Amino acid sequence: MRVLLIEDDRAMAQSIELMLRSEGFKVYTTDLGEEGIDLGKLYDYDIIVLDLQLPDMSGFEVMKSLRQAKIRTPMLVLTGNAVVEAKIKALGFGADDYMTKPFHKDELVARLQAVVRRSKGHVQSVITTGNLTVNLDSKTVEADGSRVHLTGKEYQMLELLSLRKGVTLTKEVFLNHLYGDMDEPEAKIIDVFICKLRKKLAAVCDGENHIETVWGRGYVLRDPEGEGTACTRFSARPISCPKRHADRARWRENSQIF
């Protein structure tokens, strides 16, 4: 989960970063409201955590600017202001939740997860696709009750696909989610990750998988078309990974995975 933290208190910002990163969140921090607005417009974050007292403008102005720019990223206000009027105003300006300092780490993490789930249309922490279940809280994946062991990157990709199930995601979206703006590899690495993820899912779905290729656009996770179908109709296709750029055309023709 990608979090944009807008907090001018350096000690508080570092504390929040440590809390969230220990739970697997990717945190990007700024201490200025104007920069927070720019980042919120430019990059795809799962949620924005915002203080109301900033050196260059108020948090209310940040919320107003982002919402006027049609930025729908959910926002959680985290502030020392416990006045009811401030809470009402923040919610009116587009905040999705409001927490006051001091706070408990577990509550902050739970609220962030809940807000992000709701923003993607998921009320519960478990997302089911066919016989696969992704638990967003425990960050685990199961198939028919058996644990599916994924690497960190594989889980992050499946989590993103699950949260945005039915929506085609480009390779750029995956790269941004996995690496942010730091040392991004070439886009073809996403094909490799998807290939490995499909193989692991197919191993627990009788040779089938849930991830569909949208040619020229990216990948999408879909529910099975018929009741009782474990995974998607791509089960009959062999699952293999490319090894050389020169073999790519022949490999695509044979496997039709990517």
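Values in this document were obtained by computation on a predicted structure and should not be read as measured data.

Draft legend 1. Spatial organisation of the confidence of the model for the protein. Averaged over every residue, the pLDDT of the protein is 83; the share at 70 or more is 84%. Note on residues 227-258: pLDDT is under 50 here. Beyond four places in sequence and across chains, it has 61 contacts.

Draft legend 2. Representation of the sheet that holds strand β3 (residues 47-50). Taken together, five strands build an open sheet; the order of strands is β2-β1-β3-β4-β5 and the sheet is parallel. Of all strands in the sheet, those bounded by a partner on one side alone are β2 (26-30) and β5 (97-100). Neighbour-to-neighbour, the strand axes of this sheet turn through a mean angle of 20°, independent of strand direction. Alignment of strand β4 (residues 75-79) against β5, held across four bridges, turns out to be parallel. When the bridges of β5 are listed, Val77 appears paired with Tyr98. Sheet strands touched by helix α1 (residues 10-21): β1 (2-6), β2 and β4. Its angle to β2, the strand with the most contacts, is close to 170°.

Draft legend 3. Just the packing of aromatic side chains, in detail. If you walk through the whole model with that rule in mind, you get three aromatic pairs. Taken together, the ring pairs in this structure connect Tyr28, Tyr43 and Tyr45 into an aromatic cluster. The ring centre of Phe60 lies 4.4 Å from the NZ or CZ of Lys89, which sits over that ring. Its guanidinium or amino end placed over the ring of Phe25, Lys139 lies 5.7 Å from that ring's centre, counting from NZ or CZ.

Draft legend 4. Spatial organisation of the pairing of β1. The element β1 is largely enclosed, with a buried count of five among its five residues. A crossover links β1 with its parallel partner β2, the connecting element being α1, and its sense is right-handed. Pairing analysis gives four bridges linking β1 to β3, with the strands arranged parallel. When the bridges of β3 are listed, Leu4 appears paired with Ile48.

What counts as what
Residues numbered from 1 in each chain as written. Predicted model: local features only at pLDDT ≥ 70, side-chain atom pairs only at ≥ 80, totals over all residues. Heavy atoms only, no water. pLDDT = per-residue confidence, 0-100. Contact = heavy atoms within 4.5 Å. Pairing = 2+ DSSP bridges. Helix = DSSP H or I, 4+ residues; strand = E, 2+ residues; numbered from the N terminus. Axes fitted to C-alpha atoms, helices over the stretch in contact; angles between N-to-C directions. Phe/Tyr/Trp six-rings, centres within 6.5 Å; stacked < 30°, edge-to-face > 60°. Lys NZ or Arg CZ within 6 Å of the ring centre and 35° of its normal. Buried < 20%, exposed > 50% of the residue type's maximum accessible area, 1.4 Å probe, protein only. Right-handed = clockwise from strand over helix to strand, strands pointing away.

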